[in-house]
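An overview of the molecular structure
Each chain is listed here by its residues.
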Amino acid sequence: MATPANKLAEHRAHAAEAARRMILRGGVEAANLRAIAEEMGATTGLLTRYFPDKRELLRETLTGASGFLLAQVQLGTEGLNGLAQVQAAVHSSLPLDSERLKAWSIWAAFAGLLRGDARLGEIHRQFPDQLRQILIRGLRQAQLDGQLAAAAYPAFIAEALVSQIIGAAMRSVTDPGAFNAAKIEAVAAGAFATIVGK
């Protein structure tokens, strides 16, 4: 039997999923409360019981996309360390399948809203910041294992890799036909080799 807290979480997740579908079809502008309620088969009044305002619902939607991307990286790097961890983190963060492309599309859709909402900006930075930390740990371990020069600066390399990942993801979101999975993998492999020196 579902508890009230579980039921609330279930309804909130259903609303965030409806918002995600609306954003994927028409951008953040299309995700107004009335359209989201209609998408989930509910009334606007019912929707506002779970999300009193649109900003809260949008934050939840972005949190879900960022959380999905982080989970992909964590899953992809499980049990790995050193350069193998770094390479797996890069690979598993890229939009190489439809679900990761959708998550990156949601993440990208919020870029224009960040100036007016500090909390949204914090949420938007969470995935790149967490990815950077995973990369730094792998790079430091690679140094200890002799896979990376002792003079290398892991934080700088991680920042360069995160920038390349975001750039590749944005290209894929804005032009998926020209910047498909095969091209992303080729560019990522070249960037990894150049930046890491392997």
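Since this is a predicted model, take the numbers as computed values, not measurements.

Cut-offs used in this document
Sequence positions are assigned chain by chain, starting from 1 and proceeding in written order. With pLDDT at 70 or above as the cut-off, local features in this predicted model cover only qualifying residues; side-chain atom pairs require 80 or more to be listed or tallied, and sums for whole chains, interfaces and linings still use all residues. Calculated side-chain values reflect all of the structure's heavy atoms, with hydrogen atoms and water omitted. Numbering of helices and strands runs from the N terminus; a helix is a DSSP stretch of H or I covering at least four residues, while a strand is a stretch of E covering at least two. Burial classes: relative accessible area under 20% of the type maximum marks a residue as buried, over 50% as exposed, and values in between as partly exposed (1.4 Å probe, protein chains only). Note that His is not counted, nor are the chain ends; the positive residues are Lys and Arg, and the negative ones are Asp and Glu. Just so you know, the charge point we use is NZ for Lys, CZ for Arg, CG for Asp and CD for Glu. When a carboxyl oxygen of Asp or Glu is within 4 Å of a side-chain nitrogen of Lys or Arg, the pair counts as a salt bridge. The nonpolar core is taken to be a set of buried Ala, Val, Leu, Ile, Met, Phe, Trp, Tyr and Cys residues, with the residues joined through side-chain atoms within 4.5 Å. By definition in these notes, contact holds between two residues if any of their heavy atoms fall within 4.5 Å. By this rule, a helix spans an expected 1.5 Å times one less than how many residues it contains. In this context, the arc is that of the directions from the helix axis out to the C-beta atoms. Here the axes come from fitting lines to C-alpha atoms, over the contacting stretch only for helices, and the angles between their N-to-C directions go from 0 to 180 degrees. Roughly parallel covers angles under 35 degrees, roughly antiparallel covers those over 145, roughly perpendicular covers 65 to 115, and oblique covers all other angles. A residue's bend is given by the angle between axes fitted to the 7 residues ending at it and the 7 residues starting at it. Each polar contact in these results corresponds to two N or O atoms within 3.5 Å; when the atoms are within protein, one needs to be able to donate a hydrogen and the other to accept it, and residues that are neighboring in sequence are counted only if both atoms are side-chain atoms.

1. Remarks on the overall build of the protein
- Across its full length, the protein holds nine helices and zero strands.
- What you see in the protein, going N to C, is helices and strands ordered as α-α-α-α-α-α-α-α-α.
- Based on the C-alpha atoms only, the size of the protein along its principal axes is roughly 60 × 40 × 30 Å.
- Sorting the 198 residues of the protein into buried and exposed places 40% on the buried side.
- If you average the places of the 21 positive and of the 18 negative side-chain charges in the protein, the two averages end up 3 Å apart.

2. Some thoughts on the pattern of salt bridges
- One pass over the full model with this rule turns up 14 salt bridges.
- For Arg21, the salt bridge is made with Glu17, and the minimal N-O distance between the two is 3.6 Å. Taken together, the positions of Arg21 and Glu17, both in helix H1 (residues 4-26) and four residues apart, correspond to about one turn of that helix.
- Exposure remark for Glu17: the relative accessible area of 29% places this residue in the partly exposed category.

3. Observations regarding the nonpolar core
- Leu47, Leu57 and Leu135 are the most contacted members of the largest nonpolar core, which has 57 residues in total.
- No other element matches helix H7 (residues 118-144), which puts nine residues into this core.
- Leave out the neighbours within four places in its chain, and Leu135 touches Val86, Ala89, Val90, Ala158, Leu161 and Val162.

4. Observations regarding helix H8 (residues 154-174)
- With 21 residues, H8 should cover 30 Å at 1.5 Å per step; its first-to-last C-alpha distance of 30 Å lies within 8% of that length.
- Buried within H8 are the following residues: Pro154, Ile157, Ala158, Leu161, Val162, Ile165, Ala168, Ala169 and Ser172. Seen from one end, H8 has its buried residues packed into an arc of 135 degrees, which puts them on one side. Those residues of H8 that are exposed and aimed more than 90 degrees away from the buried face are Phe156 and Thr174.
- Those residues of H8 that are buried lie in contact with helix H5 (82-93), helix H6 (98-109), H7 and helix H9 (181-196).

5. Section: the packing of H1 against H6
- Between H1 and H6, the shortest axis-to-axis distance is 10 Å and the interhelical angle comes to 80 degrees. The angle between the axes of H1 and H6 places the two elements in the roughly perpendicular class. In this structure, H1 uses Arg20, Ile23 and Leu24 to contact H6, whose residues at the interface are Glu99, Lys102, Ser105, Ile106 and Ala109.

6. Some points on H7
- Taking 1.5 Å of rise per residue, 27 residues should cover 39 Å, and H7 covers 38 Å from first to last C-alpha, within 8% of that figure.
- Taking the largest bend as the criterion, H7 deviates by roughly 35 degrees, centred on Gln126, and proline Pro128 comes between one and four positions later.
- The residue sitting at the N-terminus of H7 and contributing the capping side-chain oxygen is Asp117; that oxygen lies 3.1 Å from the backbone nitrogen of Arg119.

7. Brief notes about the environment of Asn81
- Mapping Asn81 onto the fold places it in the loop between helix H4 (54-77) and H5.
- Residues Asn81 and Ile134, 53 residues apart in the sequence, show an inter-C-alpha distance of 9.9 Å.

8. Topic: the side chain of Arg132
- Tracing the backbone through its elements, the reader meets Arg132 in helix H7.
- A relative accessible area of 16% places Arg132 in the buried class.
- In this view, Arg132 contacts Ala158, Glu159 and Val162; residues no more than four positions away in its chain are not counted.

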